[in-house]
Amino acid sequence: GDTGGGIAPDLLPHVLEPFFTTKAEGKGTGLGLAICRRAMQEHDGSLEIESEPGQGTTVRLTLPSIDGP
């Protein structure tokens, strides 16, 4: 988590979509969070983002535990 500027409520539903970016053209692909989410899904986990404008953002990664060696 951080205490930065946060993510605007109208943008938050889109930040995990492939190719979504708020950066200027040529400055980002918008794939970072989409790739992270896919990696978590491939491992039966999840990626959740909570954000409050002016208060910061928290990214929560959850993976299942495994038993055994």
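Keep in mind that this is a model prediction, so the values were computed, not measured.

When helices and strands are tallied, the protein chain shows one helix and two strands. When the elements of the protein chain are put in sequence order from the N terminus, they spell out α-β-β. The C-alpha radius of gyration of the protein chain comes to 14 Å, more than 25% above the 11 Å expected for a compact globule of 69 residues. Each principal axis of the C-alpha atoms in the protein chain carries an extent, and together these give about 45 × 30 × 15 Å. Taking all 69 residues of the protein chain together, the buried fraction comes to 17%. Summed over its atoms, the accessible surface of the protein chain is roughly 5300 Å², and 54% of this surface lies on carbon and sulfur atoms.

By volume, the largest pocket amounts to about 250 Å³. For the largest pocket, the lining is made up of 13 residues, of which Phe-20, Thr-21, Thr-22, Gly-30 and Leu-33 are closest to its centre. Residues of the lining of the largest pocket, tallied by class, amount to six nonpolar, six polar and one charged.

Turning our attention to the pairing of strand β2 (residues 56–62). Of the strand pairs in this sheet, strand β1 (residues 46–52) and β2 are connected by seven bridges, and their pairing is antiparallel. In the strand pairing of β2, Ser-46 is matched with Thr-62. Connecting β1 to the antiparallel partner β2 that follows it, the hairpin turn spans three residues, and Gly-54 within it adopts a positive phi of roughly 80°.

Right, let's get into the nonpolar core. As a rule of thumb, nonpolar side chains are buried together in soluble globular proteins. If you look at the biggest cluster of nonpolar residues, it comprises six residues: Ile-7, Val-15, Leu-16, Met-40, Leu-47 and Ile-49. Those residues within four positions of Met-40 in sequence are excluded, and the remaining contacts are Gly-45, Ser-46, Leu-47, Leu-61, Thr-62 and Leu-63.

Definitions and cut-offs
Residues numbered from 1 in each chain as written. Predicted model: local features only at pLDDT ≥ 70, side-chain atom pairs only at ≥ 80, totals over all residues. Heavy atoms only, no water. Helix = DSSP H or I, 4+ residues; strand = E, 2+ residues; numbered from the N terminus. Rg over C-alpha atoms; globule rule 2.2 N^0.38 Å. Buried < 20%, exposed > 50% of the residue type's maximum accessible area, 1.4 Å probe, protein only. Areas by Shrake-Rupley, 256 points an atom, 1.4 Å probe, with all protein chains shown as cover. 1 Å grid on protein atoms, 1.4 Å probe; cavity = no way out; pocket = protein on both sides within 12 Å on 5 of 7 lines; lining within 4 Å. Points joined across faces, edges and corners; volume = space filled by probe spheres on them. Nonpolar A, V, L, I, M, F, W, Y, C, P; charged D, E, K, R; others polar. Pairing = 2+ DSSP bridges. Core = buried A, V, L, I, M, F, W, Y, C linked by side-chain atoms within 4.5 Å. Contact = heavy atoms within 4.5 Å.

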